[in-house]
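# Residue-level structural notes
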Amino acid sequence: MDLVVINLIDGLFYGLLLFMLSSGLTLIFSMMGVLNFAHASFYMLGAYFAYQISMYLGFWMGLLIAPLIVGIAGAGVERYGLRRVHQYGHVPELIFTFGLALLIEELVKFFWGNNLMAYQEPEILKFALFSVGANAVPAYKVFMIFTSIAIFVGLLYVLTRTRVGMIIQAALSYPRTVEALGHNVPLVFMGVFGVGTALAGVAGVLAGPVLGPFPGMAFVLGSIVFVTIVIGGLGSLWGALAASLLLGWLTTFAASSSFQ
């Protein structure tokens, strides 16, 4: 019974990490119809930027600043790169984002090398919050779980209950009408892409102390994220959450049973 409970907690942790990644990709696809192959690379950049910032300003400043940097970089990619190929269809978009993913990985290797970085969680969360049998549950994992839930609630509220969310959803279906009403639709698209990549950056910041920043971390989760949004239904935030939790628990219980 203890093993089942600890697997449920670990699966929730892993599933919500997948959700933080897939939520940004889902937001971008539902708004722009773009499957961003470089999305997991922005997750990796979030981890590396937070590691670098934490060396001088601490973990919490890294959590605040790194996603902003990643979001601004993502908005710049949309404005000066993706927007230029968007008019030619999905294949050029896929080629562009795939090439961008390779470029980001090489830049990470150039600046930080191939080694695993010693990125640590904050001192205030370096303790076991509670135990299940002989298994301790770190406070940092619980912090990640509640942060992921807060991100989901925040996204759902913004998209369904605010004027910004109404403009975003209207721009998806009726871009010309929204533009005629005085809204800058390309700016909305750029903002959505920036927010989506910033969410990937948040996932990287939070996952960094657990998984450790290394150049292959985008590849490890990148393919799983695409599986997640396909299972959950392309463009569905609730579907992304359900699929992320399902995959998280399946992965955790499968790994646990293989060691028994």
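Here is a short report on the structure shown in this document. Keep in mind the model is a prediction, meaning the values are calculated, not measured. (Residues numbered from 1 in each chain as written. Predicted model: local features only at pLDDT ≥ 70, side-chain atom pairs only at ≥ 80, totals over all residues. Heavy atoms only, no water.)

This part covers the overall build of the protein chain. Of regular secondary structure, the protein chain possesses 10 helices and two strands. Shown N-terminal to C-terminal, the secondary structure of the protein chain runs as helices and strands in the order α-α-α-α-β-β-α-α-α-α-α-α. Over its C-alpha trace the protein chain gives a radius of gyration of 19 Å, about what one expects of a compact globule, namely 18 Å for 260 residues. By its C-alpha atoms, the protein chain is 60 × 40 × 30 Å across when sized along the principal axes. Looking at the protein chain as a whole, 49% of its 260 residues are labelled buried. Considering only intrachain contacts with a sequence separation of at least 6, the fraction spanning at least 24 residues in the protein chain is 77%. Counting every atom, the protein chain has about 12900 Å² of accessible surface; 71% of that belongs to carbon and sulfur. (Helix = DSSP H or I, 4+ residues; strand = E, 2+ residues; numbered from the N terminus. Rg over C-alpha atoms; globule rule 2.2 N^0.38 Å. Buried < 20%, exposed > 50% of the residue type's maximum accessible area, 1.4 Å probe, protein only. Contact = heavy atoms within 4.5 Å. Areas by Shrake-Rupley, 256 points an atom, 1.4 Å probe, with all protein chains shown as cover.)

Attention shifts here to helix α4 (residues 90–112). Across its 23 residues, α4 extends 33 Å between first and last C-alpha, which sits within 8% of the 33 Å expected from 1.5 Å per residue. For α4, the elements touching its buried residues are α2 (39–57) and α3 (59–86). Phi for Gly 113, located one or two positions after α4, is positive at around 85°. (Expected span 1.5 Å × (residues − 1).)

Its location among the elements puts Tyr 51 in helix α2. Separated by 15 residues in the primary sequence, Tyr 51 and Ala 66 have C-alpha atoms spaced 8.9 Å apart.

Attention now goes to the nonpolar core. Membership of the largest hydrophobic core comes to 73 residues, with the highest contact counts inside it found for Met 20, Phe 42, Tyr 43 and Leu 206. Ranked by the residues each element gives to this core, the list is headed by helix α8 (residues 185–211), at 12 residues. Excluding anything up to four places from it in sequence, Phe 42 contacts Asn 36, Val 70, Ala 73, Gly 74, Val 77, Leu 100, Ile 104, Thr 197, Ala 200 and Gly 201. Core analysis: the second largest hydrophobic core is formed by five residues, Ile 6, Ile 9, Val 137 and Val 142 among them. (Core = buried A, V, L, I, M, F, W, Y, C linked by side-chain atoms within 4.5 Å.)

In this section: the environment of Phe 127. Within the fold, Phe 127 resides in the loop between α4 and β1 (128–132). Along the sequence, Phe 127 and Ala 139 sit 12 residues apart, while their C-alpha atoms lie 5.9 Å from each other. If we skip the residues at most four places from it in the chain, Phe 127 touches Pro 138 and Ala 139.

Here we take up the pairing of β1. Both faces of the sheet carry side chains from a regular strand, because those side chains alternate between them. Across four bridges, the pairing between β1 and strand β2 (residues 135–138) is antiparallel. Opposite Ser 131, over in β2, you have Ala 136 as the bridge partner. (Pairing = 2+ DSSP bridges.)

All right, on to helix α5 (residues 139–161) then. In this model α5 runs 32 Å from its N-terminal to its C-terminal C-alpha over 23 residues, within 8% of the 33 Å that 1.5 Å per residue would give. Within the sequence span of α5, burial applies to Ala 139, Tyr 140, Lys 141, Val 142, Met 144, Ile 145, Thr 147, Ser 148, Ile 151, Phe 152, Leu 155 and Leu 159.

So, on to the packing of aromatic side chains. Overall, the coordinates contain 14 aromatic pairs when judged by the stated rule. Arranged with centres 4.8 Å apart and planes meeting at 40°, the rings of Tyr 48 and Trp 112 form a pair that is tilted. Here Trp 112 lies in helix α4 and Tyr 48 lies in helix α2, a separation of 64 residues in the sequence. Summarising the burial analysis for this pair, Tyr 48 and Trp 112 share the class buried. Taken together through their ring pairs, the aromatic side chains of Tyr 51, Phe 59, Trp 60, Tyr 119, Tyr 140 and Phe 143 make up a single cluster. Between the NZ or CZ atom of Arg 79 and the centre of the ring of Tyr 80, over which it lies, the distance is 4.9 Å. Sitting over the face of the ring of Phe 13, Lys 141 holds its NZ or CZ atom 5.0 Å from the ring centroid. (Phe/Tyr/Trp six-rings, centres within 6.5 Å; stacked < 30°, edge-to-face > 60°. Lys NZ or Arg CZ within 6 Å of the ring centre and 35° of its normal.)

Note that Gly 74 resides in helix α3. By relative accessible area, Gly 74 is classed as buried at 0%. With 166 residues separating them along the chain, Gly 74 and Ala 240 place their C-alpha atoms 21 Å apart. Gly 74 has contacts with Phe 42, Phe 193, Gly 194 and Thr 197, leaving out every residue within four places of it along the chain.

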